[in-house]
Amino acid sequence: MALVFALLLAGPPAAHAASRDAGPCAGQAAARHGHIAAVLDRRAGARRTRGQLGDARADRRRSRWHARLARYYGEQALLRPVPRGTAITYRTLRRSRALRRSFLTGFEQLTPENEMKMERLQPAPGVFRFAEADRMVRFARRYCKRVRGHTLVYGRQLPRWATDGRFGPEQLGFEMEWHVRTVMSRYAGRVAEWDVVNEAIGPDGSYARNVWFDALGKRYVERAFRAAHDADPSARLFYNDNGIELPDHPHTVAVRAMVARLRRRGVPIHGVGIQNHVSTAHHASEAQLARTIRGFTSMGLNVAITEMDVKLDPPGTRARRLERQRLVYRAAARACARNPRCSSFSTWGVGDGVSWLGPMAGGLLFDRGYRRKPAYSAVSRSLGSPAAP
Ligand code: XIL
């Protein structure tokens, strides 16, 4: 293990993958893992001749894993797919080897599921806790995965101090900007893409009531983006929202109007994240989602599908429901891949056992045992991803 670790760390630091292009980083990772596989394989041979059969078998197993990673990164470097992303919690990343393996050959991008939210990063005023987020960013970069930062300004998952009324509007505005600046500066150059503001608009198209809106009015959105850009001018800044898949829904219309206004005012916003939490019975068609995406990209913005899951609705056998799910995923992946400004495609979790919707929702690309579901290959094929046998 120490040998493998040393070899892994000896490689050049992962260059950050901008846009869809992970060429050099993936290429280096392919070479590195190919090298590790060869070293382990030679050692396995030597151990076998010395009669250390158990150790030899373990080396062989590890060698096969690194060879698989090498093939995966090699393909990635060649194919330059639309990155597949997923959300992971620090806990499951640490605990589950099966999850890590599915992630490493099944996705090119990582979103910390909760670890970069304000309640976690700043539990008391001025007290920042970066350890878990830092480790996740380090893990991702070691394996040439992009990181989506999620999320700086959100009405939920806030620390008590931000909502208990101890601060007046002016102080809250200052705290918000300071939070944004502190977090953005810490990850400058390492997290290339951020959900700066999350879910600012409600389903009826009006601004969602939350502590930021109540204190500062709708201008809080603009202030958050400006502070983020100030702290890391190289980061791509996104507005992220739920329930905006249908092009003519009041929620989508209102988000379009808001980002158009921000652009007119010269606010540094570069993209819109469409969460796309849907189900087999309720979802946008490929044509509808394509139109929604175009509504944003025609303004010069990028779009990302940021949190997709497709809950399995009754009726039907499991096989039929999985087939419906495959089609819903494929439609979304195609709508994204066919628009050159759709920059990544993420699900909200790797496998059904760790979904935020609970284990019965069945909405993700891997099942509870981390086996690939039919939707997995449909998404991968649509995005041009490595096949990773
Ligand atoms: C969810 C997490 O997945 C849960 O673990 C947590 O308890 C609540 O938040 N939209 C978002 C995400 O933008 O941050 C939410 O994540 C899911 C809905």
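Note that this is a predicted model, so its numbers are computed, not measured.

1. Digging into the site of the ligand
Taken together, Glu113, Asn114, Lys117, His150, Gln157, Asn198, Glu199, Gln275, His277, Glu307, Trp348 and Trp356 make up the full set of residues near the ligand. Take Gln157: an N or O atom from its side chain is 3.1 Å from an oxygen atom of the ligand. One nitrogen or oxygen atom from the side chain of Trp348 is found 2.8 Å from an oxygen atom belonging to the ligand. Burial of the ligand by the surrounding chains reaches 78%, relative to a free accessible area of 410 Å². The class makeup of the residues in the shell around the ligand is two nonpolar, six polar and four charged.

2. Thoughts on the pattern of salt bridges
Counted according to the given criterion, the structure contains 26 salt bridges. Across the pair Arg223 and Glu177 runs a salt bridge whose closest N-O atoms are separated by 2.9 Å. Linking Arg223 in helix H11 (residues 219-231) with Glu177 in helix H9 (residues 169-186), this pair joins segments that are 46 residues apart in sequence. Classification of Arg223 as partly exposed rests on a relative accessible area of 29%.

3. Digging into the side chain of Thr111
Residue position: Thr111 is located in strand S2 (residues 109-112). Look past the residues within four positions of Thr111 in its chain and what remains in contact with it is Thr86, Ala87, Ile88, Arg148, His150 and Trp348.

4. A few points about the environment of Pro24
Following the sequence through the fold, Pro24 ends up in helix H2 (residues 23-49). By relative accessible area, which is 52% here, Pro24 ends up exposed. Sequence spacing of Pro24 and Thr111 is 87 residues, and the spatial spacing of their C-alpha atoms is 22 Å.

5. Overview of the domain arrangement of the protein
On domain assignment, one finds that the protein holds domain 1 (1-80) and domain 2 (81-383). A separation of 31 Å is found between the C-alpha centroids of domain 1 and domain 2. Between domain 1 and domain 2, the residue contacts involve 22 residues of the former and 27 residues of the latter. If you look at where domain 1 meets domain 2, you find six residue pairs in polar contact (both at pLDDT 80 or more). Of all the secondary-structure elements, those providing two or more residues to the side of domain 1 that touches domain 2 are helix H1 (2-10), H2 and helix H3 (53-79). Ranked by residues supplied to the side of domain 1 that touches domain 2, first place goes to H3 with seven residues. Residue composition of the side of domain 1 that touches domain 2, by class: 14 nonpolar, four polar and four charged.

6. Some thoughts on the nonpolar core
Trp194, Val197, Trp212, Tyr239 and Phe345 are the most contacted members of the largest nonpolar core, which totals 99 residues. In contact with Tyr239, other than residues within four places in its own chain, are Val197, Glu199, Ala200, Ile201, Phe225, Val255, Met258, Val259, Ile269, Gly271, Val272 and Gly273.

7. Digging into unusual backbone geometry
Look at the link from His150 to Thr151: it is a cis peptide, with omega at 0°. The step from Pro314 to Pro315 runs through a cis peptide bond, and the omega angle for that step is 0°. The backbone of Arg80 shows a phi angle near 45°, a positive value even though the residue is not glycine. The backbone of Tyr370 sits at a positive phi, close to 60°, despite the residue not being glycine. Looking at where Tyr370 falls in the secondary structure, it is placed in the loop between strand S9 (342-347) and helix H15 (374-383).

Parameters at a glance
Residues numbered from 1 in each chain as written. Predicted model: local features only at pLDDT ≥ 70, side-chain atom pairs only at ≥ 80, totals over all residues. Heavy atoms only, no water. Near = heavy atom within 4 Å. Polar contact = N/O pair within 3.5 Å; in protein donor to acceptor, adjacent residues only side chain to side chain. Areas by Shrake-Rupley, 256 points an atom, 1.4 Å probe, with all protein chains shown as cover. Nonpolar A, V, L, I, M, F, W, Y, C, P; charged D, E, K, R; others polar. Salt bridge = Lys/Arg side-chain N within 4 Å of Asp/Glu carboxyl O. Helix = DSSP H or I, 4+ residues; strand = E, 2+ residues; numbered from the N terminus. Buried < 20%, exposed > 50% of the residue type's maximum accessible area, 1.4 Å probe, protein only. Contact = heavy atoms within 4.5 Å. Domains from an automatic or database assignment. Core = buried A, V, L, I, M, F, W, Y, C linked by side-chain atoms within 4.5 Å.

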